[in-house]
Amino acid sequence: MAPSAQQQLEIEGQGRRESAVVSNGAADEAVAGGAKSRVTVVGSGNWGSVASKLIASNALKLPSFHDEVRMWVFEETLPNGEKLSEVINQINENVKYLPGIKLGKNVVADPDLEHAVRDANMLVFVTPHQFVEGICKRIAGKIRKDAEAISLIKGMEVKMEGPCMISSLISQELQINCCVLMGANIANEISVEKFSEATVGYRGNKEIAERWVQLFNHPYFMVSAVQDVEGVELCGTLKNVVAIAAGFVDGLEMGNNTKAAIMRIGLREMKAFSKLLFPSVKDSTFFESCGVADLITTCLGGRNRKCAEAFARNGGKRSFDELEAEMLQGQKLQGVSTAKEVYEVLRHRGWLELFPLFATVHEICSGHYPPSAIVEYSDHTPKFSLLEGSARIL
Ligand SMILES: NC(=O)c1ccc[n+]([C@@H]2O[C@H](COP(=O)([O-])OP(=O)(O)OC[C@H]3O[C@@H](n4cnc5c(N)ncnc54)[C@H](O)[C@@H]3O)[C@@H](O)[C@H]2O)c1
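An unreviewed UniProt entry lists the chain under the name Glycerol-3-phosphate dehydrogenase [NAD(+)], with Oldenlandia corymbosa var. corymbosa as the source organism.

Q: For this particular structure, what's the right way to read the overall build of the chain?
A: In terms of helices and strands, the chain carries 15 helices and twelve strands. Across the 394 residues of the chain, 53% fall into the buried class. Here the analysis covers contacts within the chain between residues at least 6 apart in sequence; of these, 72% occur between residues at least 24 apart. As displayed, the chain offers around 17400 Å² of accessible surface, 53% of which is attributable to carbon and sulfur atoms.

Q: Mind showing me how you'd approach the sheet that holds strand β5 (residues 148–151) here?
A: Strand pairing in a sheet relies on backbone hydrogen bonds. The paired strands run either parallel or antiparallel. Read across the open sheet, the eight strands follow the order β3-β2-β1-β4-β5-β8-β9-β10; overall the sheet is mixed. Sheet topology places β3 (107–110) and β10 (221–226) at the edges, where each strand pairs with a single neighbour. Strand-to-strand twist of the sheet, defined as the mean angle between neighbouring strand axes without regard to direction, takes the value 25°. Strand contacts of helix α6 (residues 166–174): β4 (122–125), β5 and β8 (178–182), with the helix running at about 155° to β8, the strand carrying the most contacts.

Q: Would you take a moment to explain the UniProt feature "binding site: substrate" (unreviewed entry) in the chain for this structure?
A: Under the UniProt annotation, "binding site: substrate" (unreviewed entry) lies at K154, R303 and N304. Their sequence span is 151 residues, while the largest C-alpha to C-alpha distance among them is just 13.2 Å; these annotated residues converge on one region. With respect to the helices, strands and loops of the structure, R303 is situated in helix α12 (residues 303–313). On the accessibility criterion, R303 (27% relative accessible area) is partly exposed.

Q: Explanation requested: the pattern of salt bridges in the structure shown.
A: For side chains of opposite charge, pairing can occur when their charged atoms come near one another. Considering all chains together, one arrives at 24 salt bridges under this definition. Between K154 and D294 there is a salt bridge, and its shortest N-O distance comes to 3.1 Å. With K154 in the loop between β5 and β6 (156–159) and D294 in helix α11 (residues 289–300), the pair connects residues that are 140 residues apart, well separated along the chain. With relative accessibility at 15%, the residue K154 sits in the buried group. D294 sits in the buried class, given a relative accessible area of 1%.

Q: Sorry, what's going on with helix α9 (residues 229–251) here?
A: Along an α-helix, a turn takes 3.6 residues, which lines up residues three or four apart on a common side. Taking 1.5 Å per residue, 23 residues should reach 33 Å; α9 reaches 34 Å between its end C-alpha atoms and fits that length. Of all 23 residues that make up α9, 23 are buried, and the element is covered over most of its length. Remark: E253 follows α9 within two positions and exhibits a positive phi of approximately 50°.

Q: What is the right way to read the state of the cysteines from this model?
A: Covalent bonding between the sulfur atoms of two cysteines defines a disulfide. Under the definition given, this model contains zero disulfides. C136 takes part in no disulfide bond, and the closest cysteine sulfur to it belongs to C178, at a distance of 8.4 Å. The thiol of C178 is not disulfide-bonded; the next cysteine sulfur, from C179, is found 7.0 Å away. Residue class for C178 comes out buried when judged on its relative accessible area of 1%.

Q: Teacher, can you tell me more about the packing of aromatic side chains here?
A: Ring pairs (aromatic) are described by centroid distance and by the angle formed between their planes. A full pass over the atoms with the stated rule returns nine aromatic pairs. Note on F248 and F311: the rings are 5.8 Å apart at their centroids and 40° apart in plane angle, and the pair reads as tilted. Of this pair, F248 sits in helix α9 while F311 sits in helix α12; the two residues are 63 residues apart in sequence, bridging distant segments of the chain. Taking the relative accessible area as the measure of exposure, F311 reaches 3% and is therefore buried. Centre to centre, the rings of F273 and W351 are 6.4 Å apart; their planes meet at 90°, and the pair counts as edge-to-face. On the criterion of sequence distance, the pair formed by F273 in helix α10 (residues 256–277) and W351 in the loop between α14 (335–349) and α15 (356–365) is long-range, its members being 78 residues apart. Feature note: the residues F273, W351, F355 and F358 constitute an aromatic cluster, connected by ring pairs. R211 extends its terminal NZ or CZ atom over the ring of F65, reaching a point 4.7 Å from the ring centre.

Conventions and cut-offs
- Residues numbered from 1 in each chain as written.
- Predicted model: local features only at pLDDT ≥ 70, side-chain atom pairs only at ≥ 80, totals over all residues.
- Heavy atoms only, no water.
- Helix = DSSP H or I, 4+ residues; strand = E, 2+ residues; numbered from the N terminus.
- Buried < 20%, exposed > 50% of the residue type's maximum accessible area, 1.4 Å probe, protein only.
- Contact = heavy atoms within 4.5 Å.
- Areas by Shrake-Rupley, 256 points an atom, 1.4 Å probe, with all protein chains shown as cover.
- Pairing = 2+ DSSP bridges.
- Axes fitted to C-alpha atoms, helices over the stretch in contact; angles between N-to-C directions.
- UniProt positions renumbered as here; feature names shortened; annotations may be inferred.
- Salt bridge = Lys/Arg side-chain N within 4 Å of Asp/Glu carboxyl O.
- Expected span 1.5 Å × (residues − 1).
- Disulfide = S-S within 2.5 Å.
- Phe/Tyr/Trp six-rings, centres within 6.5 Å; stacked < 30°, edge-to-face > 60°.
- Lys NZ or Arg CZ within 6 Å of the ring centre and 35° of its normal.

Structure below.
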């Protein structure tokens, strides 16, 4: 007999508790074998700094990790002439990207990329996606052979041969396994320890996923793992496009019903696009933190929504580049470039008509349509359904 809804929830809950217990066992084994893990965080922007704080606090508590957490800093000179990495090491705070928050004394900022990654067997990638390929090329062949990676990066690379997810790019360039961690995670809220959840996506090796869960999990940051790298990563990437649409709705003061409609249509396109690209993507992934929860938080808060709101208020007359520079103080906007990348995939594959919201977001961002076009595309009814992973035009 199929389990009742209540039983199903209990089964899922047990799964998560079991995961935590197995993790501790694996940790003890690792210590018994003398193999403490060394962690390096590649990136030190807003989320990179918060991720370092989370990891540093766990590294101190858990015996299977070295206390020290290295954080690679893309070096910048601050307005007062000081180097960012030196200031981080002096006052234990990333004054540019996460002011007012102590990272933990065991976080060491390192501006030398090759040096920062050399000894680590756990590499956490968290930079804006446009820099990843260059970073990987610089460190290829200079990392430990047993290194494992995880990507917290949202975005994709579109190449001649098709779209390439960032985790695949890291795996290919460095010849190592790469998991992903995504979720409803606005960094500033996590930095002040407000409760949230996240999802680790992994491919085959559950033990590795458990190790990543252990490294990030906190009472205020609950992490679970699903065996669906592409689903988790595409959720995290595509929701930024929907957030741009939500920002247009806010800028045009269209109200909550319209915004909810845009989010629903966006979620439907996220799921359809993900399944067309990767038939293995699971429906259940869209109900994890990386799916619907991240979509909601990004459409309510977040920098993509904020800049798109300003863009629409100005009637599309100020470019996103200008707004990014003015409103984000060095932080990077992901949604506009992701919308362009998604558009390229849709155009290349002849899918533009199937994804009116995604296509319209790019047309508005690139100045071809006015912001009001976000609710004016001709047909909001679904043009296709996805049955057991295969697309069927209705
Ligand atoms: N901030 C958030 O709330 C949040 C939450 C979840 C995921 N993310 C994702 O995390 C990733 C990193 O975002 P973030 O918020 O940590 O960064 P950020 O946008 O706050 O900061 C930009 C970073 O890029 C670095 N940089 C600038 N030029 C560079 C170059 N040429 N080469 C390498 N690095 C360069 C800067 O030094 C800085 O560290 C993105 O993919 C983002 O979508 C962010």
